[in-house]
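Fold and contact review
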Amino acid sequence: MTVPAREAAPPDVPDVFDPRGYVDGLPHTAYRLLRDHHPVAWQEEHEVLGWPAGPGFWAVTRHDDVVRVLKDARTFSSHLGATQIRDPDPADLPFIRRMMLNQDPPDHGRLRRLVSRAFTPRRVERFAAAVRERARGLLTAAAGAARTGNGVRDLVTDVTDDFALLNLADLLGVPPAERGLLLAWTRRVIGYQDPDESGPSSAGPDGRPADPRSPSMLQDMFDFARELAAHKRRHPDDDVMTVLASDDELATPELEMFFFLLTIAGNDTVRSAAPGGLLALARHPDAYRGLRSGAVGAATCVEELLRWHPPVLSFRRTAACDTELAGRTVRAGDKVVVFHGSANYDERVFAAPHRLDLTRSPNPHVSFGDGPHVCLGAHLARLQLRVLYEETVNLLPALTVAGPPQRLVSNFINGLKSLPLRLVDGPPR
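Since we're looking at a predicted model, the values are computed, not measured.

Structural notes on the overall build of the chain
Along the backbone of the chain there are 15 helices and 12 strands. A compact globule built from 429 residues should have a C-alpha radius of gyration of about 22 Å, and the chain, at 22 Å, falls within 12% of that. Seen through its principal axes, the chain has C-alpha atoms that stretch 80 × 55 × 40 Å. Going through the 429 residues of the chain one by one, you find that 56% of them count as buried. Across the chain, every contact between residues at least 6 apart in sequence was considered, and the portion connecting residues at least 24 apart equals 74%. With an accessible surface of roughly 18,400 Å², the chain has 53% of that area assigned to carbon and sulfur atoms. Across the chain, the mean location of the 51 positive side-chain charges is 4 Å away from that of the 55 negative side-chain charges.

Here we look at the packing of aromatic side chains
Throughout the structure, instances matching the rule amount to 11 aromatic pairs. Each ring, one from Trp51 and one from Tyr192, has its centre 5.0 Å from the other, and the planes form 85°; the classification is edge-to-face. With Trp51 in the loop between strand S1 (40-43) and strand S2 (57-60) and Tyr192 in the loop between helix H7 (180-190) and helix H8 (195-198), this residue pair connects regions lying 141 residues apart in the sequence. When sorted by exposure, Trp51 lands in the same class as Tyr192, which is buried. Look at Phe224 and Phe259: their rings are 5.8 Å apart centre to centre, the planes differ by 45°, and that puts the pair in the tilted class. Note that Phe224 is positioned in helix H9 (residues 219-234) and Phe259 in helix H11 (residues 252-283), a separation of 35 residues in sequence. On the accessibility criterion, Phe224 (8% relative accessible area) is buried. Note on Phe259: relative accessible area 0%, which makes it buried.

What to know about the pattern of salt bridges
Scanning the model with the defined rule gives 34 salt bridges in all. The partner of Lys335 in a salt bridge is Asp87, with the nearest N and O atoms 3.4 Å apart. On the criterion of sequence distance, the pair formed by Lys335 in strand S8 (residues 335-339) and Asp87 in the loop between strand S3 (76-77) and helix H3 (93-96) is long-range, its members being 248 residues apart. By relative accessible area, which is 3% here, Lys335 ends up buried. What you see here is one network of salt bridges that share partners, running through Arg32, Arg35, Asp36, Asp346, Glu347 and Arg348.

Thoughts on the sheet that holds strand S9 (residues 400-401)
Sheet architecture is open: 3 strands sit in the order S4-S12-S9, paired in antiparallel fashion. Bordering the open sheet on either side are strand S4 (152-154) and S9, each of which pairs with just one other strand. As defined by bridge partners, S4 adjoins strand S12 (residues 420-422) across 3 bridges and the pair is classed as antiparallel. Looking at the pairing, Val152 lines up with Arg422 of S12.

Digging into the packing of H7 against H11
Their axes nearest at 9 Å, the elements H7 and H11 cross at an angle of 85°. Put simply, H7 runs roughly perpendicular to H11. Residue-level contacts link Leu182, Leu183, Trp185, Thr186, Arg187, Val189 and Ile190 of H7 to Phe259, Phe260, Thr263, Ile264, Asn267, Asp268 and Arg271 of H11. Counted by class, the contact of H7 with H11 contains 8 nonpolar, 3 polar and 3 charged residues.

Focus on the packing of helix H13 (residues 298-308) against helix H15 (residues 378-395)
Contact geometry of H13 with H15 gives a least axis separation of 9 Å together with a crossing angle of 110°. It follows from the interaxial angle that H13 and H15 lie roughly perpendicular. Remark: the crossing between H13 and H15 carries right-handed chirality. Between H13 and H15, the residues in contact are Ala298, Cys301, Val302, Glu303, Leu305 and Leu306 and Arg382, Leu385, Arg386, Tyr389 and Glu390, respectively. Each residue belonging to the contact of H13 with H15 can be placed in one class, and the counts come to 7 nonpolar, no polar and 4 charged.

Things to note about the side chain of Asn102
Looking at the secondary structure, you find Asn102 in the loop between H3 and helix H4 (107-116). In this structure Asn102 comes out as buried when scored by relative accessible area, which is 4%. One polar contact links the side chain of Asn102 to the main-chain carbonyl oxygen of Ile96, over a distance of 3.1 Å. With sequence-adjacent residues up to four places away left out, Asn102 is seen in contact with Ser78, His79, Ala82, Thr83, Ile96 and Arg97.

Quick notes on the environment of Thr252
The residue Thr252 is located in helix H11 in this model. Sequence separation between Thr252 and Ala225 is 27 residues; the distance between their C-alpha atoms is 9.4 Å.

Quick notes on the pairing of S8
Of all 5 residues making up S8, 5 are buried, and the element is well covered by its neighbours. Neither face of S8 is left uncovered, since the one carrying Lys335, Val337 and Phe339 and the one carrying Val336 and Val338 both have all their residues buried. As defined by bridge partners, strand S5 (residues 314-319) adjoins S8 across 5 bridges and the pair is classed as antiparallel. Paired with Ser314 across the two strands is Phe339, which belongs to S8.

Digging into helix H2 (residues 63-71)
Restricting attention to buried positions, one finds in H2 the residues His63, Asp65, Val66, Val67, Val69 and Leu70. Buried residues in H2 make contact with S2, S3, S5, strand S6 (323-325), S8 and helix H14 (340-343).

What counts and how
Residues numbered from 1 in each chain as written. Predicted model: local features only at pLDDT ≥ 70, side-chain atom pairs only at ≥ 80, totals over all residues. Heavy atoms only, no water. Helix = DSSP H or I, 4+ residues; strand = E, 2+ residues; numbered from the N terminus. Rg over C-alpha atoms; globule rule 2.2 N^0.38 Å. Buried < 20%, exposed > 50% of the residue type's maximum accessible area, 1.4 Å probe, protein only. Contact = heavy atoms within 4.5 Å. Areas by Shrake-Rupley, 256 points an atom, 1.4 Å probe, with all protein chains shown as cover. Lys, Arg positive; Asp, Glu negative; His and termini not counted. Charge placed at Lys NZ, Arg CZ, Asp CG, Glu CD. Phe/Tyr/Trp six-rings, centres within 6.5 Å; stacked < 30°, edge-to-face > 60°. Salt bridge = Lys/Arg side-chain N within 4 Å of Asp/Glu carboxyl O. Pairing = 2+ DSSP bridges. Axes fitted to C-alpha atoms, helices over the stretch in contact; angles between N-to-C directions. Parallel < 35°, antiparallel > 145°, perpendicular 65-115°, else oblique. Nonpolar A, V, L, I, M, F, W, Y, C, P; charged D, E, K, R; others polar. Left-handed = near helix turned anticlockwise from the far one by under 90°. Polar contact = N/O pair within 3.5 Å; in protein donor to acceptor, adjacent residues only side chain to side chain.

Pasting the structure below:
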């Protein structure tokens, strides 16, 4: 008599919540285990880095399930609990819901249409020319400094931080003397889990760190937005803030939140994606040579580098009703968090996902999301990244990693704080 073999128990659910788990890159082993055995898995939301524990959430890691959550706004709401893993203070939630990112259709669509008016073809064309000039200037300066030094430069501090920041400042129409504020605000809000980025933390009334997304912590940014809008009404120019400031349909609180969204998301998407793409090219010299030779097109290169290094790690939704997802019962009110980095490496969708293939097509990555909240500025981000990579291959014959990159401590943004690359062989003899 043959005794049927007992199935092995599935492995334990790994923790993909702790922001410290991302300092060495995407946790591919944990992602693969979740996709294969626990595609919708309950995650404990433990206290970490001084931030209090939360109620827990469902981690969604397979591509098809991620896309379903992002497309189904009726079931998986951005409005109910906003879009960050950590719950906002209930008193702050009405304020946070003013942002387009934290709204559901149809309210979200109205604001999206309003801001889309600012991105006219003429303005985008002018923006593209300025982007190329800036990329060329920053890369030329970095290469020159490398030649007179030891051949190594940090491309985050030398190129990509300024590239993203100054492009955004041009688009918004922020005066040159005040552009450093944009980076300071981005670091404070996006890097709040990382002591290097956030700076000294302010304590809230309970002694815990104050949430950088709360109204009180954003007041200086909103004051600046109102002052800038008033200036643009008196002195209009060909920029996005002039368009928004002159739009009678846009209430002042909505304008403030648009400025917040464009400043933070508009800056950090490119600020995170650009060094991640350069790191991937430096680690894959054959791919870089193919790009330099013209054997690989810049457009497909951008898509593969976005898949490889998604700028955003996760986004949260809240179940609006009881539902089922990958065989798990999700109750109304549960937090549901999609993991973009896992979805982008799902073997069910991408052949050989751990092979960098700059010619990969189709490439249905979710680095800019999907559904009604697909990134509003995705076309501008793609433009900036394409231009940066084109100018990089024109100006830098080779890229070599010269030391370990330093990554952001975050479960939200896939950021690099430092990227030392060897750009030339060394100082001239």
